[in-house]
Amino acid sequence: MTDIRREKTQVSLLDIGMFVCELDRPWLGTPFLLEGLLIEDDEQITTITSLCEFVYVDRTVSVGRHFTAAPKEQVAIKRDGTINRVTIDANTGKRTSNSINKSTKLGSPNVKFSFLDILKEIHSGNQAALSGETSSTNSEAVFKVQYLNDNTVVEISDDKSTENTTLATQIKTDFSNFITGLTSWGGKQKKLKSSIDKNALKADLAKNENRHDGYKITIFDETPPVEDEIAAIYPIYEKSQLATKEMFEALALDHEIDLTKIHEALDGMVESIERNPDALLWLAKLKQTDDYSYNHAMSVSITLMALANFMSLPKKQVKDLGLAGLLQDIGKAKIPTELLHKQDKITHDEFEILKKHVEHALALLEATENISSTVILTVSQHHERIDGSGYPYKLSGNQISLTGQMAGLIDTYCALTTNKVYAKGVYNQIALEEIHSLRGFKFNGVLIDQLVQFLGMYPVSSLVDLNSGEVGVVIQQNSVRRLLPRIMILLNPDKTRNEYPAIINLINSPLTPSGEPYKILRGLPPDSYGLSANNYYA
């Protein structure tokens, strides 16, 4: 039986629209920067043909006539604005509907929640936390968690928990390994060209709709949907928040820090990011507090892990980067609070004091158990820049490890897009333009390209203006078409609130009321039309 997720294919049979998931040789040493390739032009086919005799094609993420849905999945029209799921039989025309009851017993495999439900319950949970309530809420049913009197988060689940391994203390590795890795990695280039005939692909999809396979409509759908993954990872995210809060409180009191709980939470977060990184990126937006340093640490940690996963780095390195993101600014606990919160321009002497937070962080890490050399190296270099203008060691070029450069880039991106006491955060396009202006002398250009490809033009939580006049929020990226995300429609064409926000997936070419395919016209700044991540549910 042919495996549609790994179908062996001779290179002579390759065609535009196929997703190559594996070569007959290692990806390393090929012109392709990432493992996995959606064929978009004949040039890519020529390149693969010159390198391989055969490849493996994943039909479930191919497009057009090369797409095949996983056989175990029923094809259904999904209305995420409601909790009903509708299936239409093509032979009989009979409609079947599953109405979801929130009071369904926990652990039932049929329980599904819409993205709107998730937003409401997270908001409800935030309100309960702010008011000091610890009683049961609806969010416990959605996220399968309960809170004990000591604020410990406990998961309610019938699943066997995965065994968490403790990160052993390692001997400091040779810096040349990082330099060599960066050199070989940075030399590879990926041409971002697209010559796919979209009209032809749409025609292919239309033909597929007429197949007598028992269903009328074949759709592309990400697995798992972001709302399902948020519900699954929420308890672990809560644990990581509490563990991080405890760490910051310990630092404020000059106590030793214990990373055991953080290590355990990071193990689960790495697994979640591998399944669907958008879930944790959403939670980082939705669960923010009034503490900038705390929010920034969580955002940097999650975004670093997601970028590392996108770049196909090993799991251990993904976790190390997540830990480095949480820890890279802990030295600021030794910096005067009035200086950290100063709104006026800081002086040269004040900046010299601020720069010492890296040295303070390293001193704290040296006294902490279970810290890998990768974490220490990354924290020590996250303010170094390739032109030698950074600190504390004024390293330049390949003297800075790959993980150090990644941490510095994500630290800058998150700082630009987050509201601070002295400045309002900017939205994605402006932040990327600012980072692009630093290309080649502050940050490695190839690494910036990877950040752009990872985020897309419209990252999750971005507000977008649609050609229908409606306004939506991006709730999930499509991994093979990052310009065609899943969108929840928040405002009607007259900019009034949509009381029953529908969710559309642009990769399926849904039509506007006028009959034209939905398109994103432009990204919108955060808080446009009074919208924000905390009130999308309203």
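Above this text you will find the structure in question.
The shown structure was predicted, so the numbers you read here are calculated from the model rather than taken from an experiment.

K.L.:
Explain helix H14 (residues 373-381) here, please?
P.N.:
The periodicity of an α-helix, 3.6 residues per turn, causes residues three or four places apart in sequence to face the same way. For H14, the buried fraction is high: eight of the nine residues fall into the buried class. Turning to H14, its buried residues number three or more, namely Ser 373, Thr 374, Val 375, Leu 377, Thr 378, Val 379, Ser 380 and Gln 381.

K.L.:
Explain the side chain of Thr 30 to me, please; I cannot follow it from the model alone.
P.N.:
Mapped onto the elements, Thr 30 comes out in the loop between strand E2 (19-23) and strand E3 (37-38). We classify Thr 30 as buried; its relative accessible area is 3%.

K.L.:
Help me out: how do you make sense of the sheet that holds strand E14 (residues 520-524) in this one?
P.N.:
Backbone hydrogen bonds are what pair the strands of a sheet, in a parallel or an antiparallel way. The five strands lie next to each other as E13-E12-E11-E10-E14, forming an open sheet whose pairing is antiparallel. The open sheet has two edge strands with one neighbour each: strand E13 (503-505) and E14. Mean inter-strand twist for the sheet, computed between neighbouring axes without regard to direction, equals 40°. Here strand E11 (residues 471-476) pairs with strand E12 (residues 486-491) via five bridges, running antiparallel. Considered in E12, the bridge of Val 474 is made with Ile 487.

K.L.:
Even after reading the chapter, I still don't get the pattern of salt bridges, so can you show me in this structure?
P.N.:
For side chains of opposite charge, pairing can occur when their charged atoms come near one another. Inspection of every chain in the model, using the stated rule, returns 16 salt bridges. Here Lys 442 ties to Asp 387 by a salt bridge, and the two come within 3.4 Å at their closest N and O atoms. Pair noted here: Lys 442 is in the loop between helix H16 (428-436) and helix H17 (445-455) and Asp 387 is in the loop between H14 and helix H15 (402-417), with a separation of 55 residues, a long-range link. Residue classification places Asp 387 among the partly exposed positions, given a relative accessible area of 38%. Taken together, the salt bridges that share partners define one network made up of Glu 271, Glu 274 and Lys 315.

K.L.:
Looking at this structure, I do not really get the sheet that holds strand E4 (residues 54-57). What am I missing?
P.N.:
Across the sheet, four strands lie side by side as E1-E4-E2-E3; this open sheet has antiparallel pairing. On the outer flanks of this sheet lie strand E1 (7-10) and E3, each paired with one strand and no other. Judged from the two bridges that link them, E2 and E3 form a sheet pairing that is antiparallel. Bridge pairing links Phe 19 to Leu 38 in E3.

What counts and what doesn't
Residues numbered from 1 in each chain as written. Predicted model: local features only at pLDDT ≥ 70, side-chain atom pairs only at ≥ 80, totals over all residues. Heavy atoms only, no water. Buried < 20%, exposed > 50% of the residue type's maximum accessible area, 1.4 Å probe, protein only. Helix = DSSP H or I, 4+ residues; strand = E, 2+ residues; numbered from the N terminus. Pairing = 2+ DSSP bridges. Axes fitted to C-alpha atoms, helices over the stretch in contact; angles between N-to-C directions. Salt bridge = Lys/Arg side-chain N within 4 Å of Asp/Glu carboxyl O.

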